[in-house]
Each structure stands twice: as structure tokens, then as C-alpha cells.
Amino acid sequence: MRQEAAASIVVTEEDALRQCKEPPCRRQDEAPTLEASPSSSSSEEENSDAMPPPPSPYAAFLRRDGEPAPAAATGEELLLVPPLNFAMVDHGVYRSGFPDVSNLPFLESLRLRSVLCLCPEPYPEANLEFLRAHGIRFFQFGIDGSKEPFVSIPEDRIREALKVILDVRNHPVLIHCKRGKHRTGCVVGCLRKLQRWCLTSIFDEYQRFAAMKTRVSDLRFMELFDISSIKHLPASFTC
């Protein structure tokens, strides 16, 4: 057994010397570096969700088109953190929960033309400044976020929101509410009816985001929503 082990060691060293021009001692010097790198990378992964604060509240986000991102100029890595429940609905149409300051670099990468908010509360000033700096149009159709059995979905606001979404001049567009589940789910569900999706597929998509908080009132609203008065889908939408 000892002889076989020794033979295998000799063969390994010979192969290493044949492939590497430098002496084996250099491989031993590199070992501490290889052992230390996993610990440093793991610490970076643990803090990957933490956005380091810029020198000023908006310095990392405000720049003109064509200019390099501040992170590229300083050599720092810019973290792209999508908002809660972010997903692509269709070509040029996205959905998510309410984006905060840490999500703004990610939104910048989408090159949005418009943002559609379904919350009635005043929009945060940091978000508004980001939209102004990038020339992004802002639409707000406030829908109350009450829980069942007090849910009231205003059909007229859903229709107004759909008009914004169907206008390709507003694309790329981001639709969002607070969590990206109920109000956003209803708007997307009504859009799916325009795309001639069956109710089973519409409900499955809604429940994928709402999960255990699925609202029967939302499902009923989408089922009864009348699409006959809405214009046909633009050619850019997939059916």
C-alpha cells in the first residue's frame, strides 16, 4: 500500500513538472491565496443585497445618456438589484413591486420610457428625481390597497392604465404597485384577456405572484372584465 501511494505521488509530481515550467515551490506559495479567496468571495455574496450609499443621494443614478456610469469611472462594481416581484410581461412591458433607491440602477439598465404606479400615495421624491433625470414619463392611477372583504377595484382606472400600456410610445414601461401582487396582477390579468389568454392561464399567472394571498375578488374582477370597448392590441404585443 505504501509503495503504491509513493508511486502515485511520483507520477503526479512528474506530470506537474512536465506541464509547468516553474519549480513546484511556486505552487506551494499560491496555496494560501487559493484558500483565502473563497472567504473573501463569500463575504461579498453575503453583502450583495446591500447597496453602498453614494456620496450624494442621487450621484450614482443621475447621468446623461451616453455617459459612462459612475461605477465604471471609479472601478467600483455597480449592483443591479431588481425590485420585488420583478418580471417581464411582454416585449417592452415589465411588472414589479414598489422600487426603492437600491433598485434605481437596475431600472436605468431597462432604459424605461415610462413608469405606471397603481398606488394612491404621493410618489417618493428620490424616485421622482430619478425619473426627471432620465426623461421617464410618470403615470399614476391610484387604486386603494384595502384587504378583503373591503376590496374595491375601480374599473375606469384599470382601463386608463391599459391605455398607457397599449400605447407603444410609452414602451418600455414598468407597472408597479406596493408588492407587485394584487393591483398589478389585476392590470396584467386584464391585459392577458386582450391577448386572448384562457382564464386558467390568467389565474395561474396571478397566483404565481400572489401565492397564499390570492384574492377571490381579484379573480372575479378579471373574469368579468369587459374588453369589448378596448382597441385591438398593437402589433408589437404577442398573443
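Predicted model, so just to flag it, every value in this text is computed and none were measured.

### Quick word on the environment of cysteine 186
Step number 1: The topology assignment puts cysteine 186 in helix H7 (residues 182-194).
Step number 2: Judged by relative accessible area, cysteine 186 falls into the buried class, the value being 1%.
Step number 3: When the C-alpha atoms of cysteine 186 and phenylalanine 203 are compared, they prove to be 9.8 Å apart, with 17 residues separating the residues in sequence.

### Observations concerning the sheet that holds strand S5 (residues 173-176)
Step number 1: Pairing in this open sheet of 5 strands is mixed, and the strands run S1-S2-S5-S3-S4 from one edge to the other. Bordering the open sheet on either side are strand S1 (87-90) and strand S4 (137-140), each of which pairs with just one other strand. On average, each strand axis in the sheet is inclined to that of its neighbour by 25°, with strand direction left out of account.
Step number 2: Looking at chain direction, strand S3 (residues 114-117) and S4 are connected through 4 bridges and run parallel. Bridge pairing in S4 places cysteine 117 opposite glutamine 140.
Step number 3: Of the strands in this sheet, strand S2 (93-96), S3, S4 and S5 are in contact with helix H6 (residues 155-166), which crosses S3 at around 165°.

### Overview of the pattern of salt bridges
Step number 1: Scanning all chains against the criterion turns up 5 salt bridges.
Step number 2: Residue glutamate 160 is joined to lysine 163 by a salt bridge in which the shortest nitrogen-to-oxygen separation is 3.5 Å. With glutamate 160 and lysine 163 both in helix H6 and 3 residues apart, the pair spans about one turn of that helix.
Step number 3: Assessed through its relative accessible area of 36%, glutamate 160 is described here as partly exposed.
Step number 4: Lysine 163 gets classed as exposed once you look at its relative accessible area, which sits at 54%.

### A short note on empty space enclosed by the protein
Step number 1: Here the structure, examined in full by the defined rule, presents 2 cavities of 30 Å³ or more.
Step number 2: By volume, the second largest cavity is sized at about 50 Å³.
Step number 3: Contributing to the lining of the second largest cavity are Pro99, Leu104, Leu107, Val115, Tyr123, Asn127, Phe130, Leu131 and Leu174.
Step number 4: At the level of secondary structure, the elements contributing two or more residues to the lining of the second largest cavity comprise helix H4 (104-110) and helix H5 (125-133).
Step number 5: Element by element, the count of residues in the lining of the second largest cavity is highest for H5, at 3 residues.

### Things to note about the packing of aromatic side chains
Step number 1: Per the stated rule, a full pass over the model turns up 5 aromatic pairs.
Step number 2: Relative to phenylalanine 138, the ring of tyrosine 123 lies with its centre 4.3 Å away and its plane at 35°, an arrangement referred to as tilted. Remark: phenylalanine 138 occurs in strand S4 and tyrosine 123 occurs in the loop between S3 and H5; sequence separation between them is 15 residues.
Step number 3: Take tyrosine 123: its relative accessible area is 9%, and that puts it in the buried class.
Step number 4: Seen in terms of ring centroids, phenylalanine 221 and phenylalanine 225 are 5.8 Å apart; in terms of plane orientation they differ by 45°. Their pairing is tilted.
Step number 5: We classify phenylalanine 221 as buried; its relative accessible area is 13%.

What counts as what
- Residues numbered from 1 in each chain as written.
- Predicted model: local features only at pLDDT ≥ 70, side-chain atom pairs only at ≥ 80, totals over all residues.
- Heavy atoms only, no water.
- Helix = DSSP H or I, 4+ residues; strand = E, 2+ residues; numbered from the N terminus.
- Buried < 20%, exposed > 50% of the residue type's maximum accessible area, 1.4 Å probe, protein only.
- Pairing = 2+ DSSP bridges.
- Axes fitted to C-alpha atoms, helices over the stretch in contact; angles between N-to-C directions.
- Contact = heavy atoms within 4.5 Å.
- Salt bridge = Lys/Arg side-chain N within 4 Å of Asp/Glu carboxyl O.
- 1 Å grid on protein atoms, 1.4 Å probe; cavity = no way out; pocket = protein on both sides within 12 Å on 5 of 7 lines; lining within 4 Å.
- Points joined across faces, edges and corners; volume = space filled by probe spheres on them.
- Phe/Tyr/Trp six-rings, centres within 6.5 Å; stacked < 30°, edge-to-face > 60°.

Functional significance is not addressed by these values, which are geometric in nature.
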